[in-house]
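# Remarks on the overall topology
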Amino acid sequence: MAKIIGVCFKQAGKIYHFDPGNLELRCGDKVIVETARGPEFGFVRGCVREIPSGDVVAPLKRVLRVAAERDVQRYDDNLKKKEKAMLQCQEKIKKRKLDMKLIDVEYTFDNTKIIFYFTADGRVDFRELVKDLAGVFKMRIELRQIGVRDEAKMLGGIGACGRALCCHSWLPDFEPVSIKMAKIQNLSLNPTKISGACGRLMCCLKYENDTYQALKKGMPESGDRITTKDGVAVVTDANILMGQVKARLVTEEKTAAAPEKLSTDIHLYKKEEIRRITSKRKKRQTEDMPEAPADDPQTDVQGIQ
């Protein structure tokens, strides 16, 4: 068994595992840990626990020490220097006329490297910009291009629900989100309704998806034929959460000479009171109609009509 402790470097950042050694650590403690780019300042998330040695992703870096007052001071100083660094970088970008948007700046704890995060529509040749920045900051320079979801996570904001963005406040990792999830939950496919501040599908579509999928099992869809205590009917609407369907009874079966006739009255049935005869979806497939393309995870909804 191996002892591990979870540590993150930013609010709502990804949690990484480290070897706590003999240190007594609690959730919320500030620590200095060993990373691939040198010592870094982090925050303990969770408590020390043991896992099988085979589950450890090697090499497991160590927690060097609990952060002292001087370590906290250096961390705060690095945060204060970000604003000035951003202004200087933006001036250089404007001078070079580069099509890129600066999002954030990060100093490594030991001040040996500074990282600039930016977004751009395509590839950007920033070699000359790196030389300009190296001449100003006198340290190693790294420019890292990020996506629109990462931009929202770094900058934060208020979502359609009126609360702080999940990705900025507590969500450590992005999970795949697809249009299919919105369809299962009977949501409007209007891009303004289901897209977040980043312009992509809202992460919260994933939260209740498993529940909707479980409740949808055995539920007919609009257009399906079902048998009820009153006879054969055609579903007009289905309420997944309530486990109920609305249907119109078949008064006259379809023939070669006349189409199927339905009653004008709409009846309400519980899921347990009905049995599906035919599925509208299966009928479409038997008629050799082309299937819709698979939903692309984390799709950009700007093109949806």
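In this report, the structure presented in the accompanying data block is examined. (Residues numbered from 1 in each chain as written. Predicted model: local features only at pLDDT ≥ 70, side-chain atom pairs only at ≥ 80, totals over all residues. Heavy atoms only, no water.)

### Structural notes on the pattern of salt bridges
Throughout the structure, instances matching the rule amount to 16 salt bridges. Lys101 is paired through a salt bridge with Glu151; the nearest N and O atoms lie 2.7 Å apart. Taken together, the residues span a long stretch of sequence, with Lys101 in strand 6 (residues 101-107) and Glu151 in helix 3 (residues 148-155) at a distance of 50 residues. Within the structure, one salt-bridge network assembled from shared partners comprises Lys10, Arg37, Glu40 and Glu106. (Salt bridge = Lys/Arg side-chain N within 4 Å of Asp/Glu carboxyl O. Helix = DSSP H or I, 4+ residues; strand = E, 2+ residues; numbered from the N terminus.)

### Considering the packing of aromatic side chains
Tallying each qualifying case throughout the model produces nine aromatic pairs. Here the aromatic rings of Trp170 and Tyr207 are separated by 6.0 Å at their centres, their planes lie at 45°, and the arrangement is tilted. Pair noted here: Trp170 is in the loop between helix 4 (166-169) and helix 5 (179-184) and Tyr207 is in the loop between helix 6 (191-194) and helix 7 (209-216), with a separation of 37 residues, a long-range link. Tyr207 gets classed as partly exposed once you look at its relative accessible area, which sits at 39%. Above the face of the Phe109 ring, Arg74 is positioned so that its terminal group lies 5.2 Å from the ring centre. A cation sits over an aromatic face here: Lys81 above Tyr107, 4.5 Å from the ring centre. (Phe/Tyr/Trp six-rings, centres within 6.5 Å; stacked < 30°, edge-to-face > 60°. Buried < 20%, exposed > 50% of the residue type's maximum accessible area, 1.4 Å probe, protein only. Lys NZ or Arg CZ within 6 Å of the ring centre and 35° of its normal.)

### Description of helix 1 (residues 69-96)
Spanning 28 residues, helix 1 covers 41 Å between terminal C-alpha atoms, matching the ideal 40 Å at 1.5 Å per step. Along helix 1, the residues that are buried comprise Asp71, Asn78, Ala85, Met86, Cys89 and Ile93. Against the buried residues of helix 1 lie strand 3 (30-35), strand 4 (38-51), strand 5 (63-66), strand 6, strand 7 (113-119) and helix 2 (127-137). Downstream of helix 1 by a residue or two, Lys97 has a phi angle that is positive, lying close to 55°. (Expected span 1.5 Å × (residues − 1). Contact = heavy atoms within 4.5 Å.)

### Here's the deal with the layout of surface pockets
Taken as a whole, the largest pocket encloses approximately 1,400 Å³ of empty space. For the lining of the largest pocket, the secondary-structure elements that each account for two or more residues are strand 2 (16-18), strand 4, helix 1, strand 6 and helix 3. The element best represented in the lining of the largest pocket is strand 4, accounting for five residues. (1 Å grid on protein atoms, 1.4 Å probe; cavity = no way out; pocket = protein on both sides within 12 Å on 5 of 7 lines; lining within 4 Å. Points joined across faces, edges and corners; volume = space filled by probe spheres on them.)

### Let's talk about the environment of Gly122
Looking at the secondary structure, you find Gly122 in the loop between strand 7 and helix 2. For the pair Gly122 and Arg62, spaced 60 residues apart in sequence, the C-alpha separation works out to 38 Å.

### Quick look at a nonpolar patch on the surface
Together, Leu215, Leu241 and Met242 make up a nonpolar patch on the protein surface, roughly 300 Å² of accessible area in all. If you trace the backbone, Leu241 turns up in the loop between strand 10 (231-239) and strand 11 (244-252). Classification of Leu241 by relative accessible area gives exposed; the value is 54%. (Patch = residues over 30% accessible without salt bridge, like charges linked within 9 Å, V, L, I, M, F, W, Y side chains within 5 Å. Areas by Shrake-Rupley, 256 points an atom, 1.4 Å probe, with all protein chains shown as cover.)

### Focus: the side chain of Asp29
As for its position among the elements, Asp29 is in the loop between strand 2 and strand 3. It turns out Asp29 is buried and unbridged, and the closest side chain with the opposite charge, Arg26, is 4.6 Å from it. Within the structure, the side chain of Asp29 is placed 2.8 Å from the backbone nitrogen of Arg26, a separation counted as a polar contact. Discounting residues that sit within four places of it in the chain, Asp29 has contacts with Glu24, Gly42, Phe43 and Val44. (Lys, Arg positive; Asp, Glu negative; His and termini not counted. Polar contact = N/O pair within 3.5 Å; in protein donor to acceptor, adjacent residues only side chain to side chain.)

### Concerning the side chain of Thr35
With respect to the secondary-structure elements, Thr35 resides in strand 3. Thr35 gets classed as buried once you look at its relative accessible area, which sits at 17%. For Thr35, the side chain forms a polar contact with the main-chain oxygen of Gly38, separated by 2.4 Å. Excluding its chain neighbours within four sequence positions, the residues that come into contact with Thr35 are Phe9, Phe18, Glu40 and Lys61.

### Things to note about the pairing of strand 1 (residues 2-8)
For strand 1, the buried fraction is high: six of the seven residues fall into the buried class. Pairing of strand 1 with strand 4, which is carried by six bridges, proceeds in the antiparallel orientation. Within strand 4, the position partnered with Val7 by the bridge is Val44. Of the strand pairs in this sheet, strand 1 and strand 2 are connected by three bridges, and their pairing is antiparallel. Bridging from a neighbouring strand, Gly6 pairs with His17 of strand 2. (Pairing = 2+ DSSP bridges.)

### A closer look at the sheet that holds strand 4
Strand order in the open sheet formed by five strands is 2-1-4-3-5, and the pairing between neighbours is antiparallel. Taken across any chain shown, the strands that pair with only one partner, and hence form the sheet edges, are strand 2 and strand 5. The average undirected angle you get between the axes of adjacent strands in this sheet is 50°. Helix 1 contacts strand 3, strand 4 and strand 5 of the sheet and is inclined by roughly 120° relative to strand 4. (Axes fitted to C-alpha atoms, helices over the stretch in contact; angles between N-to-C directions.)

### Let's talk about the environment of Val232
Among the structural elements, Val232 can be located in strand 10. Placed 18 residues apart in sequence, Val232 and Val250 show a C-alpha to C-alpha distance of 5.7 Å. With residues up to four places along the chain from it excluded, the contact list for Val232 reads Arg225, Ile226, Leu249, Val250 and Ile277.

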